[in-house]
Amino acid sequence: MSRGVEVSRTALRNARKDFEEALELLAPGASKREVTPVAFAEGGAVKKLIAQRDAIGGFWPAAMGFHTSVTSAESAVTAIYAEIAATLGIAAERLELAIRNLDAGEQAGVQQAGTAQV
């Protein structure tokens, strides 16, 4: 008894499209590998704030701890953002591979059936 899973090309294509659209929301152009997703732009407000120690407290002990916390938070968000973008990109690529493998499997089956009917 076969316990296979029926797979629809339409479902695979729709899922791939959804992953690519989510990736585009994170970073326009990322799904086409035109840009690398970046959580915080280099000249943006977060980077400027971290670069200006006096803007977030100065140099007294509690302020330095706060600056360290903000810097750590920025690093964590940046890493997670990159991980999410990479995961979405990989998922889209795997779905595309699944579609190609499905097509190749069907084509091989058709060729095999044609050979068997000779």
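Values in this document were obtained by computation on a predicted structure and should not be read as measured data.

Novice: Looking at this structure, how should I read the confidence of the model for the chain?
Specialist: One rule of thumb: low pLDDT means the predicted coordinates there are not for detailed reading. Summing up the model confidence of the chain, the mean pLDDT is 85 and the portion of residues at 70 or higher is 91%. Confidence, expressed as mean pLDDT per element, reaches its minimum in the chain at helix α3 (residues 61-116) with 88 and its maximum at helix α1 (residues 9-26) with 92.

Novice: I tried to follow the pattern of salt bridges on my own but got confused; where do I start?
Specialist: Between side chains of opposite charge, a pair can form when the charged atoms approach closely. Evaluation of the coordinates by the stated rule reveals five salt bridges. Among the salt bridges present, the one from D103 reaches R9, with a minimum N-O distance of 2.4 Å. Here D103 is found in helix α3, whereas its partner R9 is found in helix α1, with 94 residues between them in sequence. Given a relative accessible area of 23%, R9 falls into the partly exposed group. The salt bridge partner of R33 is E93, with a shortest N-O separation of 2.5 Å. Of this pair, R33 sits in the loop between α1 and α2 (45-51) while E93 is found in helix α3, placing the two residues 60 residues apart along the sequence. Among the residues examined, E93 registers a relative accessible area of 43% and is labelled partly exposed.

Novice: Hey, could you run me through the environment of R33 in this one?
Specialist: Among the residues examined, R33 registers a relative accessible area of 47% and is labelled partly exposed. C-alpha of R33 to C-alpha of G89: the two residues are 56 residues apart in sequence and 9.0 Å apart in space. Discounting chain neighbours no more than four positions away, the residues touching R33 are L23, G89 and E93. A distance of 3.2 Å separates a polar side-chain atom of R33 from the backbone oxygen of S31.

Reading the values: the criteria
Note on numbering: residues in each chain are counted from 1, in written sequence order. Owing to the predicted nature of the model, reporting of local features is limited to residues with pLDDT of at least 70; listing and counting of side-chain atom pairs is limited to 80 or more, with chain, interface and lining totals taken over all residues. Where side-chain values are given, they derive from all heavy atoms of the structure, hydrogens and water being excluded. pLDDT measures how confident the predictor is about each residue, on a scale from 0 to 100. The numbering of helices and of strands both runs from the N terminus, where a helix is a DSSP run of H or I of at least 4 residues and a strand a run of E of at least 2. Whenever Lys or Arg places a side-chain nitrogen within 4 Å of a carboxyl oxygen from Asp or Glu, that contact is recorded as a salt bridge. Buried means the residue's accessible area, taken with a 1.4 Å probe over protein chains only, is under 20% of the maximum for its type, while exposed means over 50%, and partly exposed covers the values in between. Residues count as neighbours in contact if any of their non-hydrogen atoms are within 4.5 Å of one another. Under this definition, polar contacts are N or O atom pairs within 3.5 Å; protein pairs additionally need one hydrogen-donor-capable and one acceptor-capable atom, and for neighbouring residues in sequence, both atoms have to be side-chain atoms.

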